[in-house]
Amino acid sequence: MQNLYHGAAFYPELWDEEIIEQDIKLMKETGINVARIGEFAWAKMEPEEDSIDISFFKNIIERLYENGIYSVMCTPTVTPPIWMTHGHPERMYKNADGVVMGHGSRQHACTNNYYYRERCRIIIEHISKEVGQLPGLIGWQIDNEFKSHTSECMCDTCKKEWHIWLENRYKTIDNLNEAWGTQIWSERYNSFDQVPQPGPVPFIHNSSLSTMYRLFSMEKLSEFANEQAQAIRKYSKAPITHNGSFGFMIDNESLYKNLDFASYDTYANYKNYSAYISNCDYFRNVKSGKKFWIMETSPYCGGSLIGTGSPHPKGYLKAEAVSAYALGGEAFCYWLWRQHKSGCEQMHGSVISAWGKPTVGYSEVLEVEKARKEIEDIILTTELCQPEVAMTYSDRAKAFLMTEPHKGLNYRGLTGDFHRRLLSMGIHRDMLPEGNDLEGYKLLFTPFVHYISTEFLSKITAFVKQGGIWIAGPLTGGRTKEHTIHTDAALGAIEKLAGVETVYTYPIDNTGAVGEAFGVEAPLAMWSSVFKPIDAKAVGIIKGGISPGLAFITEQQVGKGKVVMLGSMPAGESGNELMKKLIDNYIQEAKIVHRYDVTEGTLVVPRVGADFKIWIIINMDGRGGSVILPEEGRDLITGEKVGKGSLEVSKYQYRIIRF
Amino acid sequence: MQNLYHGAAFYPELWDEEIIEQDIKLMKETGINVARIGEFAWAKMEPEEDSIDISFFKNIIERLYENGIYSVMCTPTVTPPIWMTHGHPERMYKNADGVVMGHGSRQHACTNNYYYRERCRIIIEHISKEVGQLPGLIGWQIDNEFKSHTSECMCDTCKKEWHIWLENRYKTIDNLNEAWGTQIWSERYNSFDQVPQPGPVPFIHNSSLSTMYRLFSMEKLSEFANEQAQAIRKYSKAPITHNGSFGFMIDNESLYKNLDFASYDTYANYKNYSAYISNCDYFRNVKSGKKFWIMETSPYCGGSLIGTGSPHPKGYLKAEAVSAYALGGEAFCYWLWRQHKSGCEQMHGSVISAWGKPTVGYSEVLEVEKARKEIEDIILTTELCQPEVAMTYSDRAKAFLMTEPHKGLNYRGLTGDFHRRLLSMGIHRDMLPEGNDLEGYKLLFTPFVHYISTEFLSKITAFVKQGGIWIAGPLTGGRTKEHTIHTDAALGAIEKLAGVETVYTYPIDNTGAVGEAFGVEAPLAMWSSVFKPIDAKAVGIIKGGISPGLAFITEQQVGKGKVVMLGSMPAGESGNELMKKLIDNYIQEAKIVHRYDVTEGTLVVPRVGADFKIWIIINMDGRGGSVILPEEGRDLITGEKVGKGSLEVSKYQYRIIRF
Amino acid sequence: MQNLYHGAAFYPELWDEEIIEQDIKLMKETGINVARIGEFAWAKMEPEEDSIDISFFKNIIERLYENGIYSVMCTPTVTPPIWMTHGHPERMYKNADGVVMGHGSRQHACTNNYYYRERCRIIIEHISKEVGQLPGLIGWQIDNEFKSHTSECMCDTCKKEWHIWLENRYKTIDNLNEAWGTQIWSERYNSFDQVPQPGPVPFIHNSSLSTMYRLFSMEKLSEFANEQAQAIRKYSKAPITHNGSFGFMIDNESLYKNLDFASYDTYANYKNYSAYISNCDYFRNVKSGKKFWIMETSPYCGGSLIGTGSPHPKGYLKAEAVSAYALGGEAFCYWLWRQHKSGCEQMHGSVISAWGKPTVGYSEVLEVEKARKEIEDIILTTELCQPEVAMTYSDRAKAFLMTEPHKGLNYRGLTGDFHRRLLSMGIHRDMLPEGNDLEGYKLLFTPFVHYISTEFLSKITAFVKQGGIWIAGPLTGGRTKEHTIHTDAALGAIEKLAGVETVYTYPIDNTGAVGEAFGVEAPLAMWSSVFKPIDAKAVGIIKGGISPGLAFITEQQVGKGKVVMLGSMPAGESGNELMKKLIDNYIQEAKIVHRYDVTEGTLVVPRVGADFKIWIIINMDGRGGSVILPEEGRDLITGEKVGKGSLEVSKYQYRIIRF
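Residues numbered from 1 in each chain as written. Chains lettered and ligands numbered in written order. Predicted model: local features only at pLDDT ≥ 70, side-chain atom pairs only at ≥ 80, totals over all residues. Heavy atoms only, no water.

1. Here's the deal with the environment of C:E187
Next up, step 1: Looking at where C:E187 falls in the secondary structure, it is placed in the loop between helix 7 (173-180) and helix 8 (207-233).
Next up, step 2: By relative accessible area, C:E187 is classed as buried at 1%.
Next up, step 3: A sequence separation of 19 residues divides C:E187 from C:N206, and the C-alpha atoms of the two residues are 8.6 Å apart.
Next up, step 4: Once you skip the residues sitting within four places of it in the chain, C:E187 turns out to touch B:H103, B:G104, C:T182 and C:N206.
Next up, step 5: Of the polar contacts made by the side chain of C:E187, one reaches the side chain of C:N206; its length is 2.8 Å. (Helix = DSSP H or I, 4+ residues; strand = E, 2+ residues; numbered from the N terminus. Buried < 20%, exposed > 50% of the residue type's maximum accessible area, 1.4 Å probe, protein only. Contact = heavy atoms within 4.5 Å. Polar contact = N/O pair within 3.5 Å; in protein donor to acceptor, adjacent residues only side chain to side chain.)

Rendered as structure tokens:
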């Protein structure tokens, strides 16, 4: 069964029967066809230890189904009840300052605690057994926004697991000492149990220890997700997901590996629509070949007791929904259906108010539903064209950069800016996890990845040999697997592939260094690698500063393709111009087809049907725009012909042109 | 006996006999007629547990009295001695981060600790017995600046008392769960002893829990104040006060309920003279019918080891003193008489330096004394005219807003701005606790009060029916007693009274919404309620944004009066203009008499005598100003006639005109 | 044996034999003639408790010596191994918030812990016995950058030692109570063991307690340094130093008292070259008559995982080195030779990269070596001329100012600004510890010293009587030895010496006060003392504000010399001008010879040989400059004659002129 979903998070456990009745009726009227339920409801299901009763939710799923509404059932593991937490500080999350969390919010338990894990398994199996085969159930979500409020836990259970994890990784303590270079500062450990968690120290921790603790935490979280999935699968075949994000302290790539489809939450401000699009471009690839879900977005703005976002202008919600569906989404769901009356998110935008009336976003939700109906057949009979251009996004690279941020570098911000530039240039693009196949791509950007794994580099080498162009940097490649510095060459094995010698690495900011390439000059910034081309060709040359004459951009033919090193970050307005010229240059060289002559702020999404292609054109910035059509087509909404040449889209409008 | 007091805080326990002698002589010369003593002197009185000797202070009071100086005796409970604190972390204040305070500063003990409370009672009874009937003793101050450095304590005693308080309030845990909506996030408690204090959690606490903990803390503090008053009254009939403030984490209204008169401390910068005046306008009403005291202000500036204020310009201190006496004050007292030589406030302005010489503020103190003598008879033979305009000030509303500050909203700042506008418009005004009588008022503003209690609303309804105009909002009325959202209507019972339906509530900032009313257009801001008038009339209409056409100001005739809803905050310069037009409009409609045609920065205080009225006119901003006299009068200082029309006041001058 | 050293920190324990071999060869080629080793290598020397083996380092020293490279051996006490720290939180540093440090960084142990001290003694004696008499060993460094990451420890050992220290200082608790004025706020202690460490309190601690705890911590640290020196001297006669800094929480003056020569670390940005010079001007005087070492500076910039400095421009490193040698330095050493591959300082500038290649700073290092050779004979056959002008620098004054910073005052910043002004005026100057002899000086500035000791004042009085001019202030003299306020006069005994009465002390900022002196008017700032001249002459008069007509600068003839009081800080650009006029005036009055007519940014260092004098002229700001030669001379580098009058130096150039 194929469908485009339009959904909302629903909390019937918070309301009485009359309101539940009213809500289901209203959902139906509104066009909501999927409800997500249960993700905080552990205390409703198991108010006291071992008193488990899931019937309330079974009944809800059945009633929703009777009203034409599907359900996604959640595991309620993010909010363990008071009987698990009260009097048990050892089960709670402990932050890097040593502060132990109490009951009353969420994510307060340590996700590695054995007792907690066991109780999670028990409640999940009960839920799955009870509702896992209901016809209304079309999917599962495990937990909720893992690590959205927390990062690495420092509790004693984690300490124990950390030591086990280290022993699995390094086998002997000598291996660890060698790998981490712990002779430095007399850190050297005599046994695994001596290796500390990265808690308070007078200065900072060894980079290897910090990064490994982040990876440990991410891996344990993925393991927990797997355990939850296994517990569900004992009784249910419905596909399983989680609602992830770029912003959480998780490894999205590994987290979804054993899940069935990707979904995520996004609350980007409407002015930051490129961040919204980047989510689509990434999560589409987290489970390749599967449609993604937007599990949470607000009908107009997010909010809590201590802050709110800015409401979307009229029209923007529809633009979001259409672009999600166009870019590979299957569902567009709100948080939340009915405004909370209690707790700490009463300020959060919803479809219906706490007093049962439409909110200020309701009319927008109706517009989304109208659009969904309008495009559903078109979406379901076409497929997104494979992008030829991709950029790497890796949460493991984020972990490395958090350990070593130089001057406050932020991985999300850096990759976001990089993506925004591609988007603004009308390029059809993907954001790819490191592990994804590179088949079908012609041009790959890999910026800000301190550590390039051997596997990743092999794959890239093959990609290049077959004709791909790989653009590596800035900041890419200078660290080993163990988060140390290479001792053979600044960038290790990459240098040979790139045909360069990195002469120096240093923070080039404020040295007066200017980079010249593609006819543009720009000041250079960031921790930089500056090159002497060995077999490669210098494409960008440094002027001034303390390493004049060396290269910051090089290219090297490898097989049918090319490796381009970008050793430094062109900065400021001229830096942006230089980067655009660079992209332009390699876009042309790679013979990229899916690049559109479209005004900035407007998105073109190419899709193919049985024997035709379409463009879905959406204005995202509220200013309207235009795109040059390469040939005559037909507007699938009005049915009218549209000529070759410029096509207008008005503010937040979408148009669908079939060629 | 009637008097205007001119006082200072005096710490004879810190100095030797010779200096005490010198100080008393100097006080007399200076015109200081009241000294506040003893508030930090517990260790002097009881250096070791149960070795109590109050004779030093008895002697001081007697010597002061012999020199024509009255005394206010303080309980020294803010600084428990080392024998109570050393080795007893369980008796100490514990902050929200779990940090337990040590000895050496003040407010280090938990005011709910049982042992501490008992020792407080003992020392107070001793003091009261010893000095409580001395003729020189004209008043008591309990403790000092309750909760000026601390807020809610998180110690184990407080936890126990919190559970008792909750049980008293809710009777059953099910009631609490229902009231707080704890089904959310599986917060649900099975017994009162499971309810946490609002300590560290990964995100934020339930709004009900946070607010109730604040109210609990405030109530326990008022209870402690009552206990102290009872201990004093066992042996003394002298009236009792405390030195409060808007800035402390206390409920001033409830704190003073069982005390005898109000006093407060103020260190407002001279540029912020409206804050200084707002204290007079509020504390005058905390104990209606009683004159207030300024228990502490600096002769020129406050200060401590880690910072100082800016010294007052010449003339300002006198303007402060005269306005305090004119606005209902009975005493104007300095902190402190002689500069501390040790401790942590050596930088604080004083009357006499640590080496016994006049400070830079001394000449100003003499000017105050000159003015005091000049106006004493006039003040004592007249009474402040009853203001017709009032605005609500509620520390409980502050507690709600601290829990739910949206985007950093600050109750003191918001109400201060509101008051400043009234002041700048020449309006004679009161700031009223929620519980005060509304008799005699014509116009009441109630902004920024999340929760309007049933009692308060009843009183307001009666006020309106009898002809009053009530202007409610912004932010007013959207929360229940339990700090949840109403489920019948956005603003609950207010809507019916106001004849409106709140269509939406949302953060209107940055949406492009403009409000138009009274011929002015201004951008709208803050979490807003936007209305559909049912029986009411739309007075202000929203243009643009995402709820155009709805009202943000409405008015509804109720009985002889009117309810005006102000659903949103007009922002910026035009917003201020709109607000002034609104005030102007209802001032006129309410036929307010006590509004003066006076330049901004100058204050007119109307008072009435047996058969005459006077205006005390004081320039507060140092720029001089003028006021239009409605009729001929006589200058009571010069004795000269002054004509109808414009009257000048020079920089920081005061004039008194009798009509 | 006399030499100018050019050195680097060397960590052979982190690398394998092949790389060590390569490094020694490269050092030799580069011209490195001294290596500092061992300061973090405790775990290498004693991997398990009592398994001590120093042979690795003995071997390194011998091999270096065979290659013409001397060694400075360090005690590795800053990084105790895991066997000392694991499972022993009581041995670790505890900060003011009560957070106990863990293993993995440095300075994690409490330097007062008894067990730690004992293990330090043992390892040091072993090291000294093993290498202390090797011919290659020319010096020792104890520990590394004491208290660079930490300040006062709050552990239980420190608490115990604190009580002992207090008892030694005060003998009886009554003396302490009296000295600290603890009657205030009922702080009063009944026994020494009740006196708290300055941990968390609701407001702030008594100034005496805070300052005494800082002094206690500094003294204990100096005691620890002495213990280390004694352990070394048991087996070695090589001179001992430590690498100090203005920036660490130590008393440099007392720390070096029992050490043999001074050295320090500096990482000032090239734009802040005056900070670089101020280090030379101070550390030259910490051990009078001994040459100082720059033990650490970066070849181009400092850095760690979480931040980097800005690289020096080309030429600056050489200017640094030459000025250090010229100003009394014997060694110019880098941190570090080979870039770290692991740990947390991989980003730090080095001579050789982790992969064994020259870094971006290498060519600069070669330039330094070239210059060193060029000037070595000249430096070794001349001596720095004794400066006639000095300013006091005192880490004890820093401790007082940290306790009482008024509005964020920072001792290092204030004294740095003061020094920069002298430097910019072409004045040959010293920065002097309080205890130094004043013989040979004509003009002494003592700004920002809250407490002037009796000994210091006696020495100054003698200095003045013999013809010196002492300029005291701003901020100087207002506190007693116990960090309380004087009770006889605002500035105590200074007033009599200065012939003034301090009428008021108060924060003069923002009062409109303007100071006029030397024909310049400037706004006044800071906590100020304003004077009535008694015997003195008013030199600077206050206009406006709240103390008009009083003096802020006075001068008083005392014997053959003069005491000048500077009671306030002239602020802004005109304030700087006023200060320069003041300096000019007294420079002339004191008949200072060593002041040069040189453009700002260029340094003149006068030195004398057997029968000649030379000027070493160095451009520090990269803009080039010129100096007026008073007579004809000879350029010792080119050998050419240079005429009287203007001599040019180009960007970062140095020239040596012999007269």
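2. Overview of the interface of chain B and chain C
Next up, step 1: With 56 residues of chain B at the interface, the matching set in chain C holds 50 residues.
Next up, step 2: When chain B packs against chain C, close to 4400 Å² is buried across both sides, 63% of that on carbon and sulfur atoms.
Next up, step 3: Three residues, B:L305, B:W355 and B:V360, lead the burial of chain B against chain C; their summed loss comes to 16% of the area buried on that side.
Next up, step 4: Viewed at the interface, chain C and chain B are joined by one salt bridge.
Next up, step 5: Here C:E501 ties to B:K357 by a salt bridge, and the two come within 3.9 Å at their closest N and O atoms.
Next up, step 6: Across the contact surface, chain B and chain C share 17 residue pairs in polar contact (both at pLDDT 80 or more).
Next up, step 7: For the side of chain B that touches chain C, the elements supplying multiple residues, two or more each, are helix 2 (42-45) and strand 10 (307-308) of chain B.
Next up, step 8: The greatest single-element share of the side of chain B that touches chain C, amounting to three residues, is contributed by helix 2 of chain B.
Next up, step 9: A per-class count over the side of chain B that touches chain C returns 26 nonpolar, 22 polar and eight charged. (Buried area = accessible area lost by both parts, 1.4 Å probe. Salt bridge = Lys/Arg side-chain N within 4 Å of Asp/Glu carboxyl O. Nonpolar A, V, L, I, M, F, W, Y, C, P; charged D, E, K, R; others polar.)

3. A look at the nonpolar core
All names here are of chain A.
Next up, step 1: Within the largest apolar cluster, 192 residues are counted, with the highest numbers of intra-cluster contacts made by F10, M73, Y276, F332, L443, F445 and W470.
Next up, step 2: The two domains that each donate at least three residues to this core are domain 1 (389-589) and domain 2 (602-658).
Next up, step 3: Those residues in contact with F332 that lie beyond four places of it in its chain are Y5, H6, G7, Y276, I294, T297, L317, E320, A321, A324, Y325 and V368. (Core = buried A, V, L, I, M, F, W, Y, C linked by side-chain atoms within 4.5 Å. Domains from an automatic or database assignment.)

4. Notes on the packing of helix 10 (residues 273-286) of chain B against helix 11 (residues 316-326) of chain B
All names here are of chain B.
Next up, step 1: Where helix 10 meets helix 11, the closest approach of the two axes is 10 Å, and the angle between their N-to-C directions is 25 degrees. It follows from the interaxial angle that helix 10 and helix 11 lie roughly parallel. Considering the relative orientation of helix 10 and helix 11, their crossing is right-handed. Along the contact surface, helix 10 presents Y273, Y276, I277 and C280, while helix 11 presents Y316, E320, A321, S323 and A324.
Next up, step 2: Tallied by class, the residues present in the contact of helix 10 with helix 11 amount to seven nonpolar, one polar and one charged. (Axes fitted to C-alpha atoms, helices over the stretch in contact; angles between N-to-C directions. Parallel < 35°, antiparallel > 145°, perpendicular 65-115°, else oblique. Left-handed = near helix turned anticlockwise from the far one by under 90°.)

5. Focus on the relation of the copies chain B and chain A
Next up, step 1: Under the fitted operation, chain B is carried onto chain A by 0.0 Å of movement along the axis and a turn of 120 degrees, and the coordinates agree to an RMSD of 0.0 Å. Put plainly, the chains are arranged around a three-fold axis. (Least-squares fit on C-alpha atoms with pLDDT ≥ 70 in both.)

6. Section: the domain arrangement of chain A
Next up, step 1: Looking at the assigned domains, one finds that chain A contains domain 1 (389-589) and domain 2 (602-658).
Next up, step 2: Distance between the C-alpha centres of domain 1 of chain A and domain 2 of chain A: 34 Å.

7. Some thoughts on helix 12 (residues 362-380) of chain A
Residue and element names in this part refer to chain A.
Next up, step 1: For helix 12, which comprises 19 residues, the first-to-last C-alpha distance of 26 Å matches the rise-based estimate of 27 Å (1.5 Å per residue) to within 8%.
Next up, step 2: Of all the bends in helix 12, the greatest, near 40 degrees, is centred on E374.
Next up, step 3: Residues of helix 12 that are buried include every one of Y362, E364, V365, V368, E369, A371, R372, I375, E376, I378 and I379, and no others. (Expected span 1.5 Å × (residues − 1). Bend = angle between axes of the 7 residues up to and from the residue.)

8. Here's the deal with the packing of aromatic side chains
Next up, step 1: Per the counting criterion, the structure on display carries 117 aromatic pairs over all chains.
Next up, step 2: Seen from their ring centres, B:W162 and B:W165 are 6.0 Å apart, and the 20 degrees between their planes marks the pair as stacked. With B:W162 and B:W165 both in helix 6 (residues 156-170) and three residues apart, this pair spans about one turn of that helix. Taken individually, B:W162 and B:W165 each receive the classification buried, so the pair is uniform in this respect.
Next up, step 3: Between B:W165 and B:F216, the aromatic rings sit 5.9 Å apart at their centres with planes inclined by 65 degrees, giving edge-to-face as the arrangement. Of this pair, B:W165 sits in helix 6 while B:F216 sits in helix 8 (residues 207-233); the two residues are 51 residues apart in sequence, bridging distant segments of the chain. As far as burial versus exposure is concerned, B:W165 and B:F216 are alike and both buried.
Next up, step 4: One aromatic cluster in this structure is built from A:F246, A:Y256, A:Y264, A:Y282, A:F283, A:F292, A:Y393 and A:Y411.
Next up, step 5: Sitting above the plane of the A:F659 ring, A:K613 keeps its charged end 5.7 Å from the centroid.
Next up, step 6: One Lys or Arg, A:R658, reaches over the ring of A:F612 and ends 3.8 Å from the middle of that ring. (Phe/Tyr/Trp six-rings, centres within 6.5 Å; stacked < 30°, edge-to-face > 60°. Lys NZ or Arg CZ within 6 Å of the ring centre and 35° of its normal.)

9. Things to note about the sheet that holds strand 25 (residues 602-608) of chain C
Residue and element names in this part refer to chain C.
Next up, step 1: Within the open sheet, the six strands sit side by side as 12-25-26-31-28-29. Their pairing is antiparallel. Each edge of the open sheet is held by one strand with a lone partner, namely strand 12 (383-384) and strand 29 (641-642).
Next up, step 2: Judged from the two bridges that link them, strand 12 and strand 25 form a sheet pairing that is antiparallel. The residue of strand 25 that forms the bridge with L384 is R607. (Pairing = 2+ DSSP bridges.)

10. As for the interface of chain B and chain A
Next up, step 1: On the side of chain A, 56 residues touch chain B, which itself brings 50 residues to the contact.
Next up, step 2: The contact between chain B and chain A buries some 4500 Å² in all, and 64% of this surface belongs to carbon and sulfur atoms.
Next up, step 3: For chain B, the biggest contributors to the area lost against chain A are B:W185, B:P202 and B:I546; these three give 18% of the whole.
Next up, step 4: The interface formed by chain B and chain A includes one salt bridge.
Next up, step 5: Summed over the shared surface of chain B and chain A, the number is 18 residue pairs in polar contact (both at pLDDT 80 or more).
Next up, step 6: Sort the elements by how many residues they give to the side of chain B that touches chain A and strand 17 (residues 500-507) of chain B lands first, with seven residues.
Next up, step 7: Per-class residue counts for the side of chain B that touches chain A are 21 nonpolar, 20 polar and nine charged.

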